[in-house]
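Okay, here's what each chain looks like letter by letter:
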Amino acid sequence: MEKCYLTIGLEVHCQLLTKAKMFCRCGTDYIGKEPNSLVCPVCMGLPGSLPVMNRKAMELAIRTAMTLHCEILPRVIFHRKNYFYPDLPKGYQISQFDFPIGINGTLEFMGQGEKKKVRIKRVHVEEDAGKLVHEGLNIPSECSGVDFNRCGIPLVEIVTEPDLHSPEDARDYLTMLRSIVRYIGVSDGNMEEGSLRCDANISLSLTEKTMGVKVEVKNMNSFRSVYHALEFELSRQQKCLAEGKKLFPETRHWDETRGVTVSSRGKEEAQDYRYFPDPDLLPHTIEQVILNDIQSNLPELPLEKKERFMFDYELTETEANVLVQDCSLANFFESCIKELNKPKFIANWVITEVLKNLNDLRQDIQHSKITPAALMDLLKMVDRKEISGTIAKSVLEDMFQSGAKAKDVIAKKGISFMSNEKELEKIVHQIIEQNPQSIADYLSGKEKALHFLIGQVMKVTRGQASPEIVKNILNKELSAERSLCGPREPF
Amino acid sequence: MNIADLRHYSIEEYKKAYRSKEFTPTAVTRVFFDRIRELEGDIHAFLAIDEEGAMKRARELEEKKISDTDFPPLYGIPIAVKDNICVKGLQATCGSRILRNFVAPYDATVVEKLKKAGVIILGKTNMDEFAMGSSTENSGYGPTRNPLDRERVPGGSSGGSAACVAALEAPLSLGSDTGGSVRQPAAFCGIVGLRPTYGRVSRYGLVSFASSLDQIGPLTRTVDDCITLFEVISGQDERDSTCAPYPPFSRNDIPKDEEIPKIRIGIPNEYFTPGVDPAISGRIREVIDLLVNKGFPVINVSLPHTDFGLESYYIVALAEASSNLARYDGVLYGFRKEGSFTLQEMYTRTRTEGFGKEVLRRIVLGTYSLSSGYYDEYYLKGMKVRTLVRKDFEASFQNCDLLLTPVTPCLPFRFGERSRDPYQMYLADVFTIPSAMAGIPGISLNCGYQDHLPIGLQILSAPFAEGKLLGFARYLEKLLSIPLPFPEKMPRKESL
Amino acid sequence: MSEKISLDEIKKMAQLSKLSFSQEELEQFFVDINSVVSHFDKLNQLDLSDVSPTSHISWSQPPSNPDEPREWPGRQEVFAHAPQVIDSYFIVPKVVDKQEE
């Protein structure tokens, strides 16, 4: 078929990491809470209640907009978006309209090995809605339940221009955006828990200059589903165009289990949000001191950090990429380097072993039991060759699970500091000298003799030596003996 | 003396009586409930009466040990509160069937302040549904009658609050003023009603009609009581973004007596049109002449956009109202139309049955002026004209300190007289609306009677200049010495 | 009387604001609302091209909240007067689809 031009724009909502809600003083820690326990007259929209802006939410939104190189507008003005829905207790959502926090920004990300740039159209703040449940213990099947714990949590919405051109791009942009909101501490960006949500606008055109018909895709709850939904939508639209069918603007929902997008029937012919300035909230002038303060506290971003890691620590791009994806991992790495200035060696351990353990335990570095100091206690031993890499790996695994110190794990595992190879070598020599028969047996092909010899070393060290290290030393020594005895027949 | 005469006391007189142990708060409270029992069947100023709570509160106040010098400013003073202001544990129906079972789970900021100041809340007063009306005929619970003429309306929307004070069922009350809803009923009932500067009194706990216009204001029998009540309820509130972060009003803001005659009075031409009842304009001209004779600097001023105030007000107020009233959907509180419905049916049936006709009309109108395609034509235009109206006042206050106008173009009208044509009803607020649009304060003062019907004089000032406004009003009240309205035409207490 | 807002528009506005009227009611609204809207035309006499709109009356920087949560103790009273509550959820007829209109 003919070549198609794909254009994607994303709208991402992130819950801001405030302790209190956007317009009232209720707490935001809603996950796992009893329904309607984090509520007050304001976030339940009780008659007579009035909203007052949480200034921290405003600051986090400005921080987001600044990081995305937006122009920051001088005043915070809220609009009402009017529509009826049971999770929206006032009959309108407090949002922003023609005067958002920031406009005209950009974001750079790595898309399939290439540095790409997306224009950010706008960054605005709004309040989250409540949650509906359709089946609960005692809720009749013909009813739904409403929980307002989430209602009023601050959200920042980040809208791109239609600058993305493949599902991969969309996924990579989203990965970078999540990484950034985490870096700057404005959101935990957790898609599965709903603290980061993404809607996509996708359009397919036969010519490069014109835009196709805009289709909105919603209900994508993971990075994977964003990618798959867009891939599905791309092929669906390609097929339509190939068959000469007309595409029309619509909203489609991603059905995760069936792996298809489904048209939301007749996108409300009469929908009209009637945005107007919220008369309950006076415009708030953003003071220059606040802007300066936020600006001067912006952290280093993933791409900058990556370049610095490559330059300062002589890491490869791949290594640096892995380390900077999660800010806390990058910080963890840099704390480790302070203990031992061998970045390459440490990077290697962090990228392979630390990440493997985190992955196995489904943890992130912040919530793991390992501290940089604990890891470095272990790696310093490896570096001094007091223990082998293999041993260290198994010790590390134990440390991740138990949170114990390297020294204690080693003691518990019966790997004393006698696993110090020099000392062990002495003992091995001693055993070799005392057991000429076993040596002869081994050299003549009796594998069992080796086990006997290991057993002897273990006996002398009262079980404190690492059998593996002992075996290694024995092998080394015995192969030296073997070479003295000349080539041996194969067995 | 007759214990019933207690009803005529001013706040200072109550406090004096309490200090000297002449009377107790329970005795005073009981006297008002007696009066309520006597007249309510006829006046219907109240939607809820909390006799049990009020008597309990009165006893609690008596038991508290309070030193003679440290009396809270409203210690033991009974008060009635408009039913759109939340008092914890009491209903807040806003005169609407849609909130008929709504019990406020919190106190409005003004109510917190009142309670701290020692008041005794008698009950909640009748009003036009969601404060939409000028006669209290739009109440979902039946109209209030004007105590001075039971065939006539008490004005609105704070008709209950005005009527109960005029009928001596309460010594003072709180109302709310969006386009004149405190000042117009005060004028119709011959009492004092103040609309403060927008943002001077917290709106937290006042159920919104039009957020950028709503203000809570006192209704009292005298300017002095108004001053005391205003001192208590004003001041900043961290729970209301629109509440100005300025200190509360203080009677120390009032100019000294010798400064009063220097106050420059402006007379806006646009408020003396042929449409005004000659009895009203004539009486106000007399007052102006009196002031000229007293040596006040009086000048004519022009507020050229006055004539556009009414239209722009209705556009802005109804747009806001259509959104403010969206929350009454039967989900969380208030009335829900029962039956096995879909969600959409629950919404439409709850709302269509729950709201009264005028409210429905205003919601549709407000929705219209915000809807796509009409926003620029109506809502945006309304906001722009609002700017012009505001600037008119700003300019006039360059040349004068206060403006003197009628409160209404008409005397209290009969029931049904204006309720058929909504626009005729809107005209009742034509002189109170522009100042509300500008956010400036205004007071309504009884300046005389046409037969038995009171005539209201409106005094307006620059924002936050309530000191001058109230000082002058108090001076004028004394100068005019208009007898207080009293339904039984009983002699004033001075002669008792 | 000139017709500024049509019967269909009134129907649409009613739909948007979740109200429903009988034909008779609609016709009465049509008359009343047009009578009010016809007065709004008066504003066209003014040249508003250079006038900025007043959406709020604002005298100074408004207050804002610190990011410090505090609990509200009154939720039981809200439950007590709510139309229907089960297991601390507010109950409504089944919500079928977000786009359902």
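Residues numbered from 1 in each chain as written. Chains lettered and ligands numbered in written order. Predicted model: local features only at pLDDT ≥ 70, side-chain atom pairs only at ≥ 80, totals over all residues. Heavy atoms only, no water.

Caption draft 1: Looking closely at the nonpolar core. One finds F130, F355, F393, I459 and F472 of chain B to be the most contacted residues of the largest nonpolar core, which totals 207 residues. Sorting elements by how many residues they give to this core places helix α9 (residues 306-324) of chain B first, with 10 residues. With residues up to four places along the chain from it excluded, the contact list for F472 of chain B reads I260, I263, I265, L291, F296, L402, L404 and I459 of chain B. Counting residues in each nonpolar core, the second largest holds 66 residues, with L6, V12, L174 and W254 of chain A among its members. (Core = buried A, V, L, I, M, F, W, Y, C linked by side-chain atoms within 4.5 Å. Buried < 20%, exposed > 50% of the residue type's maximum accessible area, 1.4 Å probe, protein only. Helix = DSSP H or I, 4+ residues; strand = E, 2+ residues; numbered from the N terminus. Contact = heavy atoms within 4.5 Å.)

Caption draft 2: Quick look at the packing of helix α11 (residues 357-370) of chain B against helix α2 (residues 23-40) of chain C. The N-to-C vectors of α11 of chain B and α2 of chain C enclose an angle of 55 degrees; their axes lie 11 Å apart at closest approach. One element, α11 of chain B, and the other, α2 of chain C, form an angle in the oblique class. Seen from above, α11 of chain B lies across α2 of chain C with right-handed handedness. For the pair formed by α11 of chain B and α2 of chain C, the contact residues are K357, L360, R361, V364, L365 and Y368 of chain B on the first element and Q28, F29, D32, I33, V36, V37 and F40 of chain C on the second. Its residues assigned to classes, the contact of α11 of chain B with α2 of chain C shows 9 nonpolar, 1 polar and 3 charged. (Axes fitted to C-alpha atoms, helices over the stretch in contact; angles between N-to-C directions. Parallel < 35°, antiparallel > 145°, perpendicular 65-115°, else oblique. Left-handed = near helix turned anticlockwise from the far one by under 90°. Nonpolar A, V, L, I, M, F, W, Y, C, P; charged D, E, K, R; others polar.)

Caption draft 3: Geometry of the interface of chain C and chain A. Tallying the contact residues gives 38 residues for chain C and 59 residues for chain A. When chain C packs against chain A, the two sides together hide about 4,600 Å² of surface, and 57% of this comes from carbon and sulfur. For the pair chain C and chain A, the number of links is 2 salt bridges. Between R25 of chain A and E68 of chain C there is a salt bridge; the shortest N-O distance is 3.9 Å. Counting only elements with at least two residues in the side of chain C that touches chain A, the list comes to α1 (7-16), α3 (75-81) and β2 (89-93) of chain C. Looking at which element gives the most residues to the side of chain C that touches chain A, the answer is β2 of chain C, with 5 residues. Of the residues belonging to the side of chain C that touches chain A, the class tally is 17 nonpolar, 11 polar and 10 charged. Two elements, strand β9 (residues 143-147) of chain A and β2 of chain C, share 4 bridges in a ladder whose sense is antiparallel. Looking at the pairing, C143 of chain A lines up with P93 of chain C of β2 of chain C. (Buried area = accessible area lost by both parts, 1.4 Å probe. Salt bridge = Lys/Arg side-chain N within 4 Å of Asp/Glu carboxyl O. Pairing = 2+ DSSP bridges.)

Caption draft 4: How the structure looks around the state of the cysteines. Enumeration over the complete set of coordinates arrives at 0 disulfides over all chains. You can see C198 of chain A has no disulfide; the closest cysteine sulfur is in C14 of chain A, sitting 9.7 Å from it. (Disulfide = S-S within 2.5 Å.)

Caption draft 5: Molecular detail of the pairing of strand β4 (residues 172-177) of chain B. All names here are of chain B. Counted residue by residue, β4 has 6 buried out of 6 residues, so it is predominantly covered. Of the two faces of β4, both are covered, the one formed by L172, L174 and S176 as well as the one formed by S173, G175 and D177. By the bridge criterion, 2 bridges tie strand β2 (residues 78-82) to β4 in an arrangement that is parallel. Across the sheet, A80 pairs through a bridge with S173, a residue of β4.

Caption draft 6: Local environment of the pattern of salt bridges. Across all of its chains, the model carries 63 salt bridges over all chains by this definition. One salt bridge connects R236 of chain A with E250 of chain A, and the closest N-O pair in it is separated by 3.6 Å. Of this pair, R236 of chain A sits in helix α3 (residues 223-242) while E250 of chain A sits in strand β13 (residues 250-255), and the two are 14 residues apart along the sequence. Judged on exposure class, the residue R236 of chain A and its partner E250 of chain A are both buried. What emerges from the salt-bridge pattern is a single network uniting R80, D278 and D280 of chain A together with R203 of chain B.

Caption draft 7: Structural context of the sheet that holds strand β8 (residues 131-133) of chain A. Here 4 strands make up an open sheet; going across it, the order is β8(A)-β9(A)-β2(C)-β1(C) and the pairing antiparallel. Every other strand in the sheet has two partners, leaving β8 of chain A together with β1 (85-86) of chain C as the edge strands with one partner each. Pairing of β8 of chain A with β9 of chain A, which is carried by 3 bridges, proceeds in the antiparallel orientation. When the sheet's bridge partners are listed, V133 of chain A is paired in β9 of chain A with G145 of chain A.

Caption draft 8: Main features of the side chain of K384 of chain B. Along the chain, K384 of chain B turns up in helix α12 (residues 376-396). Although K384 of chain B lies buried, it forms no salt bridge, and the closest oppositely charged side chain, D50 of chain C, sits 7.8 Å away as judged by the N-O distance. The contacts of K384 of chain B, once residues within four sequence positions are left out, are L48, S49, V51, S52 and P53 of chain C. (Lys, Arg positive; Asp, Glu negative; His and termini not counted.)

Caption draft 9: Looking closely at helix α2 (residues 167-183) of chain A. All names here are of chain A. Compared with the 24 Å implied by 1.5 Å per residue over 17 residues, the 24 Å span of α2 between its first and last C-alpha is a close match. Across the 17 residues of α2, 12 count as buried, placing the element largely inside the fold. When α2 is considered as a whole, its buried residues turn out to be P167, D169, A170, D172, Y173, L174, M176, L177, S179, I180, V181 and Y183. Just beyond α2, the residue with positive phi is G185, at close to 70 degrees. (Expected span 1.5 Å × (residues − 1).)

Caption draft 10: Focus on the interface of chain C and chain B. Facing 56 residues of chain C, the contacting portion of chain B comprises 70 residues. Taken over both partners, the interface formed by chain C and chain B buries close to 5,600 Å², and the fraction arising from carbon and sulfur atoms is 68%. Our count for the chain C to chain B interface comes out at 4 salt bridges. For D307 of chain B, the salt bridge goes to K42 of chain C, with nearest N and O atoms at 3.5 Å. Across the chain C-chain B interface, the total number found is 17 residue pairs in polar contact (both at pLDDT 80 or more). (Polar contact = N/O pair within 3.5 Å; in protein donor to acceptor, adjacent residues only side chain to side chain.)

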